[in-house]
Protein chains: 2
Amino acid sequence: MKTRILSGLIMVPLLALLYFGDYVLMAGCFIIGVVGVYEFYKGFRAMEVEPSYPIAVVSAVLLYGIGAGDMTGIIKLSDPYIFWLFVSVLLSLLYMFKIDERKPADAMATVTGIVYVIFFSYHFFLVDQSDWPILIWIIVLAAFGTDIFAYFTGMALGKHKLCPKISPKKTVEGSVGGTLGSVLLCGLFGYFFAGDILMHCLVLGVLGGIVSQLGDLTASVFKRHMGIKDYGNIIPGHGGILDRFDSVLFVAPLVFYYIRIFM
Amino acid sequence: MKTRILSGLIMVPLLALLYFGDYVLMAGCFIIGVVGVYEFYKGFRAMEVEPSYPIAVVSAVLLYGIGAGDMTGIIKLSDPYIFWLFVSVLLSLLYMFKIDERKPADAMATVTGIVYVIFFSYHFFLVDQSDWPILIWIIVLAAFGTDIFAYFTGMALGKHKLCPKISPKKTVEGSVGGTLGSVLLCGLFGYFFAGDILMHCLVLGVLGGIVSQLGDLTASVFKRHMGIKDYGNIIPGHGGILDRFDSVLFVAPLVFYYIRIFM
């Protein structure tokens, strides 16, 4: 647990990324995406599925290229993201053409890594570029807040198992505590730094607390089938990038579409 | 072969869809998408992979809902398609939560069917809604033209195998003949019906002829692994919807992005 808390502190510099925003944040997101998908694909190899990492990198470069072009106003294609999706899926399908060595699962895992890890984490950058860049803090507070509060509430009060088959240590008490923690942190943030959208911060605290746990459980489902405990070991006690950002992957799109639809 | 040609004629009414465009074409595309993905998923069951058809239908409804909203001007979300992608992927991932019954391959196949069959075929509708709706005819001419000319050229002159492991009957001669046939048909169409964009029609004839065959081979790779000859038997001698539209799936996006980038 000591390692866990210490490693938690290691995350602090990451918050600097959020503070600077724009290109710095973009670079950070890109790295999270390409390292995350690397770990994800490594997990698949344990199941004898061989996704194509080079295709994922090409896809990430194209996606962030579109983002950079959009940010600088260079690119003015109407539908750049569907073009990106088409190219990514096309490359993944053509990857199967070496039919002796490759199988549909390899292509399907390539596509899944691209849309789940690279595309989902890209929303972190999209929130930064939205009308409410301040809400990138809500992503972090909801995701990490839920995790930390769930951990300690579960330790102190945990009795009823949440979903033992997916993640044996999680408890209903921890889940509720995590969500309340997310609401608390997002509410405090709203109160002190974004008073005019306090209600939105609270709502995002609730939704983020729930969605954050779905992100965590999704990563657990994959890992359970892959037969691994962690995706990597970049951060001692926290596993890989993907272990740490599994919740962010889900909360970032939530916040982005919440902004687009309700704000 | 007689059945094949007769069934080819059965395709003619389909051309009426193109003629009417808009809602009629949209409905046709939707049906091709949801029937196609049904066949695709059925093929997976032969490999003991169980994608979720209901999720694919929800995804298709959402996608075409966005398309209809856009067409009528009701919806004015900025990035409706990435929202659609997020929802589709999210549902597919959550589908795994019944961890006793389901596995990552089920979710991955669900995602792949959605982006490959539903999303690719959706471009047919997008071309109809673009600045150059007349080019929907080019999609059909390139895709079916390549197929028919490749078939007869291969029968008459075929000597060198193209890629025997994926599709044993295809020959290099058939492939070249197919592409030339596509250029011929697209060129004639351009000459008689779209003289001002004849060059574009010819270029699309070449590209379409090549991409069309990649679409055909992609479907073959899947079928080979699934251990099936055809995806279905809706059209006698032509198999299922997906057997017939495998080339269109690839040519429709090609034409759409060609329009967006070069025209």
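Each remark here, short or long, concerns the structure printed above.
Residues numbered from 1 in each chain as written. Chains lettered and ligands numbered in written order. Predicted model: local features only at pLDDT ≥ 70, side-chain atom pairs only at ≥ 80, totals over all residues. Heavy atoms only, no water.

Draft legend 1. Main features of the packing of helix α6 (residues 104-129) of chain A against helix α5 (residues 80-94) of chain B. One can describe the packing of α6(A) onto α5(B) by two numbers: an axis separation of 11 Å at closest approach and a directional angle of 135 degrees. It follows that α6(A) is oblique to α5(B) by the angle criterion. Of the two elements, α6(A) crosses α5(B), and the hand of that crossing is left-handed. Packed against α6(A), whose contacting residues are A:Val115, A:Tyr116, A:Phe119, A:Phe120 and A:Leu126, the element α5(B) presents B:Ile82, B:Leu85, B:Phe86, B:Val89, B:Leu90 and B:Leu93 at the interface. (Axes fitted to C-alpha atoms, helices over the stretch in contact; angles between N-to-C directions. Helix = DSSP H or I, 4+ residues; strand = E, 2+ residues; numbered from the N terminus. Parallel < 35°, antiparallel > 145°, perpendicular 65-115°, else oblique. Left-handed = near helix turned anticlockwise from the far one by under 90°. Contact = heavy atoms within 4.5 Å.)

Draft legend 2. Seen up close, helix α8 (residues 172-193) of chain B. Residues and elements named next belong to chain B. With 22 residues, α8 should reach 32 Å at 1.5 Å per residue; the first-to-last C-alpha distance of 31 Å fits that figure. Taken as a whole, α8 has its buried residues at Gly174, Ser175, Gly177, Gly178, Thr179, Gly181, Ser182, Cys186, Gly187, Phe189 and Gly190. Elements that come into contact with the buried residues of α8 comprise α7 (136-157) and α9 (198-226). (Expected span 1.5 Å × (residues − 1). Buried < 20%, exposed > 50% of the residue type's maximum accessible area, 1.4 Å probe, protein only.)

Draft legend 3. Spotlight on helix α4 (residues 53-72) of chain B. Taking 1.5 Å of rise per residue, the 20 residues of α4(B) would be expected to cover 28 Å, and the 28 Å separating its terminal C-alpha atoms lies within 8% of that figure. Of the positions making up α4(B), those classed as buried are B:Ile55, B:Ala56, B:Ser59, B:Ala60, B:Leu63, B:Tyr64, B:Ile66, B:Gly67 and B:Gly69.

Draft legend 4. How the structure looks around the environment of A:Gly174. All names here are of chain A. Counting through the fold element by element, Gly174 comes out in helix α8 (residues 172-193). Under the relative-accessibility criterion, Gly174 is labelled buried at 4%. Between the alpha carbons of Gly174 and Gly154 there is a distance of 3.9 Å; along the sequence they are 20 residues apart.

Draft legend 5. Broad picture of the side chain of B:Thr112. Inspection of the secondary structure puts B:Thr112 in helix α6 (residues 104-129). Polar contacts involving the side chain of B:Thr112 include one to the main-chain carbonyl oxygen of B:Met108, which spans 2.7 Å. (Polar contact = N/O pair within 3.5 Å; in protein donor to acceptor, adjacent residues only side chain to side chain.)

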